[in-house]
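For reference, the chains in residue letters:
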Amino acid sequence: MESLALKILSKHSGEERVEPGDIVYAKVDKVMVNDVTGALALKILRETGAEKLVGKRKTEIYIVFDHYSPAHNWDAANSHAELRFFSRKYGCKLFDIGYGIAHQILVEGIVKPGELIVGADSHTITYGALASFSTGIGSSEAAYVMATGELWFKAPEPLFVKIIGNFGISVTAKDLALYLLKEFGSEGALYRSVEFFGEGLRNLDVNDRLTVSNIIVEAGAKTAIFPYDNETEAWLRRYGVRVEDEWGELKIEVSDVESMCVNLSALEPLVSAPPKPVNVKHVGDLEGTPVDQVFVGSCTNGRFKDIVALARIVKGRKVKTRLIVIPASLRTLKRMIDEEVLKVLVEAGAIIGVPGCGPCFGAHMGVLGEGEVMVSTANRNFPGRAGPPSAKVYLASPYTAAVAAITGQITDPRPYVREVLEK
Amino acid sequence: MNLEGYVIIVGDSVDTDTIIPARYLHKSDPEWLAQHVFEDSFEIREKISKTPKPIAIIAGKGFGYGSSREHAVLALKAAGVSFIIAESFHRIFYRNAINNGLVVIEGNIRDYVREGDLVKINLSEGVITIPRTNKHVRFKPLPRKLLEILEIGGLKGFLRKIATEEH
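Just so it is clear, the model here is predicted, and its values are computed rather than measured. (Residues numbered from 1 in each chain as written. Chains lettered and ligands numbered in written order. Predicted model: local features only at pLDDT ≥ 70, side-chain atom pairs only at ≥ 80, totals over all residues.)

S.K.: Even after reading the chapter, I still don't get the overall build of chain A, so can you show me in this structure?
M.R.: For chain A, the count of helices and strands is 15 helices and 18 strands. By the compact-globule yardstick of 22 Å for 423 residues, chain A fits well, its C-alpha radius of gyration being 21 Å. Projecting the C-alpha coordinates of chain A onto the three principal axes gives extents of approximately 55 × 55 × 40 Å. Counting every position in chain A, which comprises 423 residues, the buried fraction comes to 62%. The contacts in chain A between residues at least 6 apart in sequence include a share of 77% that link residues at least 24 apart. (Helix = DSSP H or I, 4+ residues; strand = E, 2+ residues; numbered from the N terminus. Rg over C-alpha atoms; globule rule 2.2 N^0.38 Å. Buried ≥ 20, exposed ≤ 12 C-beta atoms within 10 Å, placed from the backbone. Contact = placed C-beta atoms within 7 Å.)

Laid out in structure tokens, this is it:
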């Protein structure tokens, strides 16, 4: 058994071998803050006098305006202005409003396999899909990393998951992710490094892996990591990354005894019902629930592949709910324009938002009113997450979300998807 | 380090969206955050307003579930929370708490306390005391490295030290 997370951690800490539970200081390759957590990190750097150390380390600093994109009030606008100034002064890499969600921008050619990356946002865990060790931290720690280039880590105990089989019609990586949440529960992967292996991985492209890694944090995981393989290489090449031979060593080799096993062929469309992401049910158990709004977007499912899945279903139809579509990045939006997906969506009645987090964050663009119901492709549905506590958020795949938009209620997507794919 | 607080009891998987809703995160002023702590969770909010300060939160599994927002810790501290004892914590919240000098202890004492009870802790010896029943419960002391962070006043203390030493 060889944990990829521990391998990466040991390389970055200079320790020959790191065991689960060890507390080690490790060099950080990249640190990311967004417009919510970045403003607080900046305040901490100022208050402690540590601002003068920023930019003196090898660690690259990324600042992304995605939660308030564009600014929705004076405070957010002021935070943006401060962070722009800071970024210019210290040579940080800034992605201003409209570039998209940090977790999408960073996997579009910035994150490299084998790196150790931290971000002041819990969904930083997403980059494990590219065989890197990435995890969420707070603002104080982001400030600390900016000033020192390193951070303490408690080495996580691995939790291996074997993937076999292939998805049936209308079943996607989101359903796999929700299945895992259901199995784990909200503390089932607490502090663990969830590591995937098995022949079924060839049926998970990097889009799919990003969805899975992203959502595993809802079970408490520290990192959710996929091995480096042909899929990873193809993805990196597409984004202009020069591939290095040594990445071939970023493997996860495990015997079956030590792991849980998921057969993709046996999965069905799933939906997470409020009040928390791990409250996962079969779509049939919620069939007929009236829906006011559908949101397709977020760092979980706002990529081109997800938006194409939506477009396939709504093409030539008129939606019965409000449908908000927010591309995860500017590149995604450009591709939607180039491949005429945007036209299909707008003609079906979709509202297109600025690339960013949108209503998933609950402070901006598309929040719900009292008692309203949203089917969302995002990752969280706590009471009050995207509107008043009486509003309800159901988390589902882009197919399930798309079908809810055209029927006006939670619906088993399979007959609709089958019809479209057979055309 | 010795601390004491008056008990409020909460359940499992208390998430950071519930502690401080996203719509208040555009300001990081602790007083502002404290005004809105648990705003959407009427029951917990009531307990916080009725219980004498400092407060000891006694929780179940997975306290601090969800978002990385450090504002959750700032809000709890400013609302008068002195320490939290939970069966388990979600990892980013745990780190944020230590980094801001908010004491977090893994343990289950829900069966031994009532709402409003006084609870005392001795951090270096790893003992929780409930004076009403004269009950003592041991807990695993925090790792040395984390105690150092608490003693220096959180990660900010470390940053100040580094900033002074390095020019």
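S.K.: What should I look at first to understand the overall build of chain B in this one?
M.R.: Helix and strand content of chain B: 7 helices and 7 strands. In sequence order, chain B lays out its α and β elements as β-α-α-α-β-α-β-α-β-β-β-β-α-α. Here the C-alpha atoms of chain B give a radius of gyration of 16 Å, agreeing with the 15 Å that 2.2 N^0.38 yields for 167 residues. Along the first, second and third principal axes, the C-alpha atoms of chain B reach 55 × 40 × 25 Å.

S.K.: I keep staring at the sheet that holds strand β10 (residues 223-225) of chain A and nothing clicks. Help me out?
M.R.: Pairing between the strands of a sheet is mediated by backbone hydrogen bonds and can be parallel or antiparallel. All names here are of chain A. Within the open sheet, the 4 strands sit side by side as β10-β9-β8-β11. Their pairing is parallel. Only two strands of the sheet have a single neighbouring strand rather than two, namely β10 and β11 (260-263). Direction aside, neighbouring strands of the sheet carry axes that sit 20 degrees apart on average. When strand β9 (residues 193-197) meets β10, the two strands line up parallel, connected through 3 bridges. Its bridge partner being in β10, Glu195 is matched across the sheet by Ile225. (Pairing = 2+ DSSP bridges. Axes fitted to C-alpha atoms, helices over the stretch in contact; angles between N-to-C directions.)

S.K.: Can you help me understand the interface of chain B and chain A in this one?
M.R.: Across the contact, 37 residues belong to chain B and 46 residues belong to chain A. Among the elements of the structure, α1 (16-19), α5 (91-99) and α7 (155-165) of chain B are those that each provide at least two residues to the side of chain B that touches chain A. For the side of chain B that touches chain A, the element with the highest residue contribution is α7(B), accounting for 6 residues. Of the residues in the side of chain B that touches chain A, the class split is 10 nonpolar, 13 polar and 14 charged. (Nonpolar A, V, L, I, M, F, W, Y, C, P; charged D, E, K, R; others polar.)

S.K.: What is the right way to look at the nonpolar core in this model?
M.R.: If you look at soluble globular proteins, the nonpolar side chains tend to sit buried side by side. Counting 203 residues, the largest nonpolar core has Ala143(A), Ile216(A), Val294(A) and Leu310(A) as its most contacted members. The element best represented in this core is helix α6 (residues 173-184) of chain A, accounting for 7 residues. Domain assignment of the residues forming this core places at least three in each of domain 1 (4-263) and domain 2 (272-412) of chain A. Setting aside its immediate chain neighbours within four residues, Ala143(A) contacts Ala41(A), Ile44(A), Leu45(A), Ala50(A) and Leu159(B). (Core = buried A, V, L, I, M, F, W, Y, C linked by C-beta atoms within 7 Å. Domains from an automatic or database assignment.)

S.K.: How do you make sense of the sheet that holds strand β6 (residues 127-130) of chain B when you look at a structure like this?
M.R.: Residue and element names in this part refer to chain B. As summarised here, the arrangement of the 7 strands in space is β4-β3-β2-β1-β5-β6-β7, forming an open sheet in which the pairing is mixed. Looking at which strands have only one partner, the edges of the open sheet turn out to be β4 (103-106) and β7 (135-138). Strand-to-strand twist in this sheet, taken as the mean axis angle between neighbours without regard to direction, amounts to 30 degrees. Across 5 bridges, strand β2 (residues 55-59) lies against strand β3 (residues 81-86) in parallel orientation. In the strand pairing of β3, Ala56 is matched with Phe83.

S.K.: What am I meant to see in the packing of helix α11 (residues 304-314) of chain A against helix α13 (residues 341-348) of chain A here?
M.R.: The description of two packed helices rests on the angle between their axes and on the distance between the axes. All names here are of chain A. Orientation of α11 relative to α13, taken along the N-to-C sense of each, is 50 degrees, at an axis distance of 9 Å. Judged by the inter-axis angle, α11 sits oblique to α13. In the packing of α11 onto α13, the handedness of the crossing is left-handed. Judged by residue contacts, Ile307, Val308, Ala311 and Val314 of α11 engage Val341, Val344, Leu345 and Ala348 from α13. Partitioned by chemical class, the residues of the contact of α11 with α13 number 8 nonpolar, no polar and no charged. (Parallel < 35°, antiparallel > 145°, perpendicular 65-115°, else oblique. Left-handed = near helix turned anticlockwise from the far one by under 90°.)

S.K.: How should I be thinking about unusual backbone geometry in this particular structure?
M.R.: In most cases, non-glycine residues show a negative phi, while peptide bonds are predominantly trans. The omega torsion of the bond from Pro274(A) to Pro275(A) falls at 15 degrees, within 30 degrees of zero and hence cis. Position of Pro275(A) relative to the elements: it lies in the loop between β12 (270-272) and β13 (280-282). Pro54(B) follows Lys53(B) through a cis peptide bond whose omega is -5 degrees. Relative to the elements of secondary structure, Pro54(B) occurs in the loop between α3 (42-50) and β2. Positive phi values are uncommon outside glycine, yet Tyr191(A) reaches one of about 65 degrees. Position of Tyr191(A) among the secondary structure elements: in the loop between α6 and β9. Here Tyr191(A) falls in the buried class, since 20 other C-beta atoms lie within 10 Å of it.

S.K.: Even after reading the chapter, I still don't get the pairing of strand β2 (residues 30-34) of chain A, so can you show me in this structure?
M.R.: Side chains on a regular strand alternate between the two faces of the sheet. Residues and elements named next belong to chain A. The element β2 is extensively covered by neighbouring structure, given that 5 of its 5 residues are classed as buried. Residues Lys30, Met32 and Asn34 of β2 are buried on one face, and the alternating residues Val31 and Val33, pointing to the opposite face, are buried as well. Inspection of the sheet shows β2 paired to strand β3 (residues 60-64) by 5 bridges, in the parallel sense. Looking at the pairing, Asn34 lines up with Val64 of β3. Between β2 and its parallel partner β3, the chain crosses via helix α2 (residues 37-48), and the hand of that crossover is right-handed. One ladder, built from 3 bridges, connects β2 with strand β5 (residues 116-119); its direction is parallel. Counterpart to Met32 in the pairing with β5 is Gly119. (Right-handed = clockwise from strand over helix to strand, strands pointing away.)

S.K.: Help me understand the domain arrangement of chain A in this model?
M.R.: How large an interface is tends to be reported as the accessible area lost when its parts come together. All names here are of chain A. Annotation of chain A at the domain level lists domain 1 (4-263) and domain 2 (272-412). Computed over C-alpha atoms, the centres of domain 1 and domain 2 are 24 Å apart. If you look at the interface, domain 1 gives 32 residues, while domain 2 gives 29 residues. At the level of secondary structure, the elements contributing two or more residues to the side of domain 1 that touches domain 2 comprise α4 (102-105), α6 and α7 (206-216). Among the elements that take part in the side of domain 1 that touches domain 2, α6 stands out by supplying 5 residues, more than any other. Tallied by class, the residues present in the side of domain 1 that touches domain 2 amount to 10 nonpolar, 16 polar and 6 charged.

S.K.: Just checking my understanding: could you explain the environment of Ile149(B) for this structure?
M.R.: Residue and element names in this part refer to chain B. By the secondary structure assignment, Ile149 is in helix α6 (residues 144-151). Each C-alpha atom, one on Ile149 and one on Tyr94, is 13 Å from the other, the two residues being 55 residues apart in sequence. With residues up to four places along the chain from it excluded, the contact list for Ile149 reads Ile98, Asn99, Gly154, Leu155 and Phe158.

S.K.: Before we go on, may I ask you to explain the pairing of β2(B) in this structure?
M.R.: Residue and element names in this part refer to chain B. Most of β2 is tucked away, with 5 of its 5 residues classed as buried. Both faces of β2 are covered, namely the face carrying Ile55, Ile57 and Ala59 and the face carrying Ala56 and Ile58. With 4 bridges joining them, strand β1 (residues 2-9) and β2 adopt parallel strand pairing. When the sheet's bridge partners are listed, Ile9 is paired in β2 with Ile58.

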